[in-house]
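Listed below, chain by chain, are the residues.
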Amino acid sequence: MAEQPMAEDRSSGSVAARLAQAIHDHRLTPGMKLNEDEVGVIYGVSRTVVRAALQELAHNRLVELRRNRGAFVAQPTVKEAREVFEARALLEPRTARSAAERTTPADIALLQAHIDAEHAALHAGETGRALQLSGQFHVEIARIADQQTIADIVAQLIARSSLIIALYWQRRAALCESHAHHALLKALEDHDGALAEDLMKSHLLDILTSLDLRDQASSPRSLEEALRP
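Residues numbered from 1 in each chain as written. Predicted model: local features only at pLDDT ≥ 70, side-chain atom pairs only at ≥ 80, totals over all residues. Heavy atoms only, no water.

Brief notes about the pairing of strand 2 (residues 63-66)
Piece 1. Bridge analysis of strand 2 against strand 3 (residues 70-73) gives 4 bridges, and the strand direction is antiparallel. Opposite L65, over in strand 3, you have A71 as the bridge partner.
Piece 2. Hairpin connection of strand 2 to strand 3: 3 residues between the antiparallel strands, including N68 at a positive phi of 65°. (Pairing = 2+ DSSP bridges. Helix = DSSP H or I, 4+ residues; strand = E, 2+ residues; numbered from the N terminus.)

Spelled out as structure tokens, the structure:
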């Protein structure tokens, strides 16, 4: 998806969202330096706004702030990638069971809208946006489970997962081939907690096995090339 110039919304939140989208789209590659002045010129904002946006991304573990060196797109190691998915495997299956006990028709409609938007993004070739929507589906399940602390942890893990998947995914068609979200949605709608828990376990395992967990080399690219339309 082409990056649009910031005509009106020049807030740090908007800048953070645009940078996050570029990271998920893999236009900003892991390890790439994010120069505050250059980002500010590209988006037409002050260094103060850029700095706040980078702080927000660092909080979500998408950016690393290195003392006296600046900001860089996070570059998760193979070890970190495994740890993130191990943590998700510990939390999300049980959360899915709890969500199944509480799901309302409004929740089902919202989750279905996420699936539809995810498929639309895939068909449009917007893989990064599809990954974000896929992750948000999982965040919503944690919200439905009414476990705010776990939902906050899951949200951070999923933000890191999106970067990990963009870096290590060896078969991008996996998202298209998988009907895991549809199956999960049906289990939640049927209030079948045991099935929802089992499906979530299988789904996370499938994602993990789709990753090529070997060190990857990123080709250099200019910041302006990555962010300009």
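Thoughts on the confidence of the model for the chain
Piece 1. Scored by pLDDT, the chain comes out at a mean of 85, with 87% of its residues at no less than 70.
Piece 2. Here helix 8 (residues 174-177) is the element of the chain with the lowest mean pLDDT, 51, and helix 9 (residues 180-189) is the one with the highest, 94. (pLDDT = per-residue confidence, 0-100.)

A look at the layout of surface pockets
Piece 1. The calculated volume of the largest pocket comes to roughly 370 Å³.
Piece 2. Around the largest pocket, the lining is made up of 18 residues, and of these H24, Q132, Q136, A155 and A159 lie nearest the centre.
Piece 3. For the lining of the largest pocket, the elements supplying multiple residues, two or more each, are helix 1 (12-24), helix 3 (47-59), helix 6 (127-144) and helix 7 (148-168).
Piece 4. If one sorts the elements of the lining of the largest pocket by residue count, helix 6 sits on top with 6 residues.
Piece 5. Its residues assigned to classes, the lining of the largest pocket comprises 10 nonpolar, 6 polar and 2 charged. (1 Å grid on protein atoms, 1.4 Å probe; cavity = no way out; pocket = protein on both sides within 12 Å on 5 of 7 lines; lining within 4 Å. Points joined across faces, edges and corners; volume = space filled by probe spheres on them. Nonpolar A, V, L, I, M, F, W, Y, C, P; charged D, E, K, R; others polar.)

Details of the packing of aromatic side chains
Piece 1. What the rule picks out here adds up to 0 aromatic pairs.
Piece 2. The ring of F72 has R66 sitting right over it, with the charged end atom 4.1 Å from the ring centre. (Phe/Tyr/Trp six-rings, centres within 6.5 Å; stacked < 30°, edge-to-face > 60°. Lys NZ or Arg CZ within 6 Å of the ring centre and 35° of its normal.)

Observations concerning the sheet that holds strand 3
Piece 1. Pairing is antiparallel in the open sheet, where 3 strands are placed in the order 1-3-2. Because the sheet does not close on itself, it has two edges, and the strands there are strand 1 (33-34) and strand 2.
Piece 2. Pairing of strand 1 with strand 3, which is carried by 2 bridges, proceeds in the antiparallel orientation. Looking across to strand 3, one finds that K33 is bridged to F72.
Piece 3. The sheet contacts of helix 3 involve strand 1, strand 2 and strand 3, and relative to strand 2 the element is tilted by about 115°. (Contact = heavy atoms within 4.5 Å. Axes fitted to C-alpha atoms, helices over the stretch in contact; angles between N-to-C directions.)

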